[in-house]
Amino acid sequence: MKYNSVFDIIGPVMIGPSSSHTAGAARIGLAARNLFGKEPTWARIHLYGSFAKTYKGHGTDFALAGGLLGFKPDDPRMSKALDVAEERGLKVEFIEDSAKTEHPNTARLIIGKDEESMELVGISIGGGKVEVTELNGFELRLSGNHPAILIMHNDRFGAIASVTKILAKHEINIGHMEVNRKDVGKEALMVIEVDQNVEDDILKELENADHIIRISKIVS
Amino acid sequence: MFRTVAELVEMAEKDNIQISEVMIRQEMDVKNRTREEVFADMEKNLEVMEKAIEDSLKGVQSVTGLTGGDAVKIQSYMKEKTPLSGHLMLDAVSKAMGTNEVNAAMGTICATPTAGSAGVVPGTLFAVKNQLNPTREQMIRYLFTSGAFGFVVANNAFISGAAGGCQAEVGSAGAMASAAIVEMAGGTPQQSAEAFAITLKNMLGLVCDPVAGLVEVPCVKRNAAGSSLAIVSADLALANVTSRIPCDEVIGAMYRIGKQMPSSLRETGEGGLADTPTGRLLKEKIFGLTV
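Each residue is numbered by its place in its chain's sequence as written, counting from 1. Chain labels run from A onward and ligand labels from 1 onward, assigned in the order the entries are written. Selection of residues for local features in this predicted model requires a pLDDT of at least 70, selection of side-chain atom pairs for listing and counting requires 80 or more, and totals for whole chains, interfaces and linings are taken over all residues.

Participant: In this structure, what is going on with the overall build of chain B? I would like to understand it.
Facilitator: The numbering of helices and of strands both runs from the N terminus, where a helix is a DSSP run of H or I of at least 4 residues and a strand a run of E of at least 2. Scanning chain B for helices and strands turns up 13 helices and one strand. Going from N to C terminus, chain B has its helices and strands arranged as α-α-α-α-α-β-α-α-α-α-α-α-α-α. Seen through its C-alpha atoms, chain B measures out along the principal axes to roughly 60 × 45 × 40 Å. As a rule, residues whose C-beta atom has 12 or fewer other C-beta atoms within 10 Å are exposed, those with 20 or more are buried, and those in between are partly exposed; C-beta atoms are placed from the backbone. Classification of the 291 residues of chain B by burial places 57% in the buried group.

Participant: Looking at this model, I keep getting lost on the sheet that holds strand E4 (residues 105-113) of chain A. Mind explaining?
Facilitator: Residues and elements named next belong to chain A. For two strands to be treated as a pair, DSSP must find at least two bridges joining them. Strand order in the open sheet formed by six strands is E3-E2-E4-E5-E6-E7, with mixed pairing between adjacent strands. Pairing within the sheet leaves two strands with one partner each, and these edge strands are strand E3 (91-96) and strand E7 (138-142). Adjacent strand axes in the sheet meet at a mean angle of 20°, parallel and antiparallel pairs treated alike. The axes used here are C-alpha line fits, helices contributing only the stretch in contact, and every angle between their N-to-C directions lies in the interval 0 to 180 degrees.

Participant: Even after reading the chapter, I still don't get the environment of Val120(B), so can you show me in this structure?
Facilitator: Residue and element names in this part refer to chain B. Locating Val-120 in the fold gives a position in helix H6 (residues 120-132). For the pair Val-120 and Thr-99, spaced 21 residues apart in sequence, the C-alpha separation works out to 8.4 Å. Whether two residues are in contact depends on their C-beta atoms, placed from the backbone: they are in contact if these lie within 7 Å. Once you skip the residues sitting within four places of it in the chain, Val-120 turns out to touch Ala-96, Val-170, Ala-173, Gly-174, Ala-177, Asn-223, Gly-226, Ser-227 and Ala-230.

Participant: Help me understand the domain arrangement of chain A, please; the structure alone is not making it clear to me.
Facilitator: Residue and element names in this part refer to chain A. These domain boundaries are the output of an automatic or database domain assignment. In terms of domains, chain A is made up of domain 1 (14-142) and domain 2 (148-218). Put simply, the middle of domain 1 and the middle of domain 2, counted by C-alpha atoms, are 25 Å apart. On the domain 2 side, the residues contacting the 11 residues of domain 1 number nine residues. Elements with a contribution of two residues or more to the side of domain 1 that touches domain 2: helix H1 (19-36) and E7. Element by element, the count of residues in the side of domain 1 that touches domain 2 is highest for E7, at five residues. The residue makeup of the side of domain 1 that touches domain 2, split by class, is six nonpolar, three polar and two charged. Note on residue categories: nonpolar means Ala, Val, Leu, Ile, Met, Phe, Trp, Tyr, Cys or Pro, charged means Asp, Glu, Lys or Arg, and polar means any other residue, Gly included.

Participant: Sorry if this is basic, but what is going on with the sheet that holds strand E10 (residues 187-194) of chain A here?
Facilitator: Strand pairing in a sheet is mediated by backbone hydrogen bonds. Such pairs are either parallel or antiparallel. Residues and elements named next belong to chain A. Read from one edge of the open sheet, four strands run E9-E10-E8-E11, paired in antiparallel fashion. The strands lining the two open edges of the sheet, one partner per strand, are strand E9 (174-181) and strand E11 (212-218). Sheet twist, expressed as the average angle between the axes of neighbouring strands with direction ignored, equals 15°. Summarising the sheet, strand E8 (residues 148-154) and E10 pair through seven bridges and their orientation is antiparallel. Residue pairing across strands places His-153 opposite Ala-188, the latter belonging to E10. Helix H6 (residues 200-207) rests against E8 and E11 of the sheet, and its axis sits at about 155° to E11.

Participant: When you look at the interface of chain A and chain B in this model, what are you seeing that I'm missing?
Facilitator: For an interface, size is often stated in terms of accessible area lost upon the parts coming together. Residue-level contacts link 35 residues of chain A with 47 residues of chain B. At the level of secondary structure, the elements contributing two or more residues to the side of chain A that touches chain B comprise strand E1 (13-15), H1 and helix H2 (49-58) of chain A. Of the residues contributing to the side of chain A that touches chain B, the split by class is 13 nonpolar, 17 polar and five charged. In this structure, E1(A) lies alongside strand E1 (residues 108-110) of chain B, joined through three bridges in antiparallel fashion. Bridged to Ile15(A) within E1(B) is Thr108(B).

Participant: Mind showing me how you'd approach the packing of helix H3 (residues 60-68) of chain A against helix H4 (residues 81-88) of chain A here?
Facilitator: Describing two packed helices takes the angle between their axes plus the distance from one axis to the other. All names here are of chain A. Following both chains from N to C, one finds H3 and H4 inclined at 45°, their axes separated by 8 Å at the closest point. In terms of orientation, H3 lies oblique with respect to H4. The element H3 and its partner H4 pack so that their crossing is left-handed. Residues Asp-61, Phe-62, Ala-65 and Gly-66 of H3 touch H4, and the partners they reach there are Ala-81, Leu-82 and Ala-85. Here the residues of the contact of H3 with H4 sort into five nonpolar, one polar and one charged. Working definition: roughly parallel below 35 degrees, roughly antiparallel above 145 degrees, roughly perpendicular at 65 to 115 degrees, and oblique for all remaining angles. For a crossing to be left-handed, the near helix must be turned anticlockwise from the far one by less than a right angle; the clockwise case is right-handed.

Participant: Can you help me understand unusual backbone geometry in this one?
Facilitator: Across residues other than glycine, the phi torsion is negative in most instances, and most of the peptide bonds are trans. The amide bond that connects Gly16(A) to the next residue, Pro17(A), takes the cis arrangement and shows omega of 15°. Examined against the element boundaries, Pro17(A) turns out to sit in the loop between E1 and H1. The phi dihedral of Glu267(B) is positive, around 60°, even though this residue is not glycine. Along the chain, Glu267(B) turns up in the loop between helix H12 (247-260) and helix H13 (277-290).

Participant: Just checking my understanding: could you explain the pairing of E7(A) for this structure?
Facilitator: Look at any regular strand and the pattern is simple: side chains alternate between the two faces of the sheet. All names here are of chain A. Where strand E6 (residues 129-135) lies against E7, three bridges are found, and the strand directions are antiparallel. Residue pairing for E7: Glu-134 is matched across the bridge by Glu-139. Counted along the chain from E6 to the antiparallel partner E7, the turn is two residues long, and its residue Asn-136 has a positive phi close to 45°.

Participant: Help me out: how do you make sense of the environment of Glu270(B) in this one?
Facilitator: Position of Glu270(B) relative to the elements: it lies in the loop between H12 and H13. Separated by 60 residues in sequence, Glu270(B) and Pro210(B) have C-alpha atoms that sit 8.3 Å apart. Apart from residues lying up to four places away in sequence, Glu270(B) is in contact with Lys53(A), Ser264(B) and Asp275(B).

Participant: Even after reading the chapter, I still don't get the packing of helix H7 (residues 136-156) of chain B against helix H9 (residues 166-184) of chain B, so can you show me in this structure?
Facilitator: All names here are of chain B. Axis separation between H7 and H9 bottoms out at 8 Å; the angle between their running directions is 135°. Accordingly, the angle class assigned to the pair H7 and H9 is oblique. Of the two possible hands of crossing, H7 and H9 adopt the one that is right-handed. Of the residues in H9, those in contact with Gln-138, Tyr-142, Thr-145, Ser-146, Phe-149, Gly-150 and Val-153 of H7 are Ser-172, Ala-175, Met-176, Ala-177, Ala-179, Ala-180, Glu-183 and Met-184. Split into classes, the residues belonging to the contact of H7 with H9 amount to nine nonpolar, five polar and one charged.

Participant: What is the right way to look at H7(B) in this model?
Facilitator: By this rule the span expected of a helix is its residue count minus one, scaled by 1.5 Å. With 21 residues, H7(B) extends 31 Å from end C-alpha to end C-alpha; this agrees with the ideal 30 Å at 1.5 Å per step. Taking burial as the measure, the 21 residues of H7(B) include 17 buried ones, the bulk of the element.

Right, here's the structure in full:
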């Protein structure tokens, strides 16, 4: 089911004016920051559908920037996020994109720092709840409301088993898992939603497992 | 886990417990948390709601100047005159509108189920409270009951204006509130379901057409519609009036209507009131000034 907690319905506590366009947008930005693992220095954000039509009035722009800066939806600095971004050296550009998307509230974030960049598509499905539907060209379904680890790996025998073995050893329960690859034998992405936050030493262990390229995590 | 209102009511009746209790037990179970933790989190939400209402009664104004100050006007009117719709009704309306004025002014609110509809559940709660004199625990339970019904809507239809129009937002909020009022007033789980169905039926087809795309006009006043209807439906259900169309089927109808709604009427700020001469003029004025 899309929603599994009463606090998805009664909540979140947030800075107005719109749960989809402000709180949800902030959560998409925050998910992108968490996955990138650091504060980006630039962001190009494509807005689609209702996001593109109404982002100025709803503060979708400052909310996305606020998320990238690490602000939660109830952060009182939210409405000043664009100023804070400038102070901290995060350059944000918004593009109203007329391309049709499946969901009316869709944003594509391309963010980067130095040589590194990341591309993510997020949708705001209502009441402040969001899903990440694409990451660096991989399709996925990630709520950002649960702790999760994302593992870029080579599509080889045993890559998945080596990861789940480590998680089992540390008694980490998997709530949802999916694997996507671009082509047989090429790069693949494992998305694992877990019940508790994964400690850094476990991540280190996972990083050293066979066929693993890169790991990022979302803390809920 | 319950998926439908029918299942929710059945679970309550089987164990002879309230709807709120079904929701609390499910939350504890799914999230592996204690009753105390779940209650404490909900109480925080209640405190945010209370604070937003207090703030609104001091008078707030949005950045655009489109909304703000109406809650204060209504409260003074209530002191000077005898309101035709009754004191409790108008009190709920003023607190619902006030909460949404705070939201439009970028204040802190609790989304119930969304920000645009955030006034309805707290507005009715803090008005009904003066007549029913609930304990703090009963007030927190009010939010769990609202949440239980909203949970079904969110999983079977939608709760955002962009996805399903205002019927999905203020419609759901009003219906959730009416179910919670029934429980607080001592009604049965089935009566809560009837109240929910009656409110949502009267909100079907309501479009989301915000002027300039802002959560201000008509959102603030639609919270008045949601909260007043919630109280009327609760009274109907408590009087044993039932809905001819079962609750889950009403939610299904809301879903299909939302699917058929053109995108111009789903929070894009392109149709309906947004596309009136005055709506267009306001948009020009606001964005002409701020961009």
